[in-house]
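Now for the letters of each chain:
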Amino acid sequence: MDFKALDHSVNIIAYRKDNKNYAMCCAWSMMADYDKLLCLLGSQSITGKNIKKGDIIGVSSLQKNQKSIALKLGEGHSGRTDKLEGIDYTLKQSAIVIPGACTEMVCEVIDVLHLKEIEEDNLLYLRILSHHETPGSFLHMEDF
């Protein structure tokens, strides 16, 4: 099966914790309710490993013209480098959002779930606290 079997938008998960920036491309996310999201972060993600229940994080759904941001944040690990260096971002509480993204959301982590057969991965259950929308075309996985 090709990774493009199901097309979805490219989302950035980013936050500041203990004076350190964490950021990554989220490979899978979806709406769970009008104000709730689910995001699956792989077990190899330093960003995912540092997210805890009650944290405030940013989720930015990128526009097509922001592909270079996705490529930069999709490589390396936040534990080794500040992946946001050279990228325009806004800090809202501890949430980091990408200006100009189709959707910039500040979210509270309701829970971090570990389900059967994906025990090592982190399934984030998020409540959207605030959001800002910018008109434009979403960047999709099929755009890579």
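An account of the accompanying structure is given in this report. Because the structure is predicted, anything quoted here is derived from the model rather than measured.

Criteria and cut-off values
Residues numbered from 1 in each chain as written. Predicted model: local features only at pLDDT ≥ 70, side-chain atom pairs only at ≥ 80, totals over all residues. Heavy atoms only, no water. Core = buried A, V, L, I, M, F, W, Y, C linked by side-chain atoms within 4.5 Å. Buried < 20%, exposed > 50% of the residue type's maximum accessible area, 1.4 Å probe, protein only. Helix = DSSP H or I, 4+ residues; strand = E, 2+ residues; numbered from the N terminus. Contact = heavy atoms within 4.5 Å. 1 Å grid on protein atoms, 1.4 Å probe; cavity = no way out; pocket = protein on both sides within 12 Å on 5 of 7 lines; lining within 4 Å. Points joined across faces, edges and corners; volume = space filled by probe spheres on them. Nonpolar A, V, L, I, M, F, W, Y, C, P; charged D, E, K, R; others polar. Disulfide = S-S within 2.5 Å.

Quick word on the nonpolar core
Within the largest apolar cluster, 18 residues are counted, with the highest numbers of intra-cluster contacts made by I13, I51, I57, C107, L124 and L126. With four residues, the top contributor of residues to this core is strand β8 (residues 103–113). Setting aside residues up to four positions removed in sequence, I57 forms contacts with I13, A14, Y15, I51, A95, M105, V106, C107, V109, L124 and L126. Counting residues in each nonpolar core, the second largest holds 14 residues, with A14, I69, L73 and A101 among its members.

A word on the layout of surface pockets
As a volume, the second largest pocket reaches approximately 250 Å³. Lining the second largest pocket are 15 residues, with N11, M31, L37, S61 and M105 positioned closest to its centre. Put simply, the parts of the chain that give the lining of the second largest pocket at least two residues each are β3 (28–33), β4 (36–41), β5 (56–61), β8 and β9 (122–133). A per-class count over the lining of the second largest pocket returns eight nonpolar, six polar and one charged.

A look at the state of the cysteines
Applying the stated criterion to the full structure yields zero disulfides. Free cysteine: C39, not disulfide-bonded; nearest cysteine sulfur from C26 at 4.4 Å. Using a relative accessible area of 1% as the deciding quantity, one classes C39 as buried. With no disulfide of its own, C102 lies 14 Å from the sulfur of C25, the closest cysteine sulfur. Classification of C102 as buried rests on a relative accessible area of 3%.

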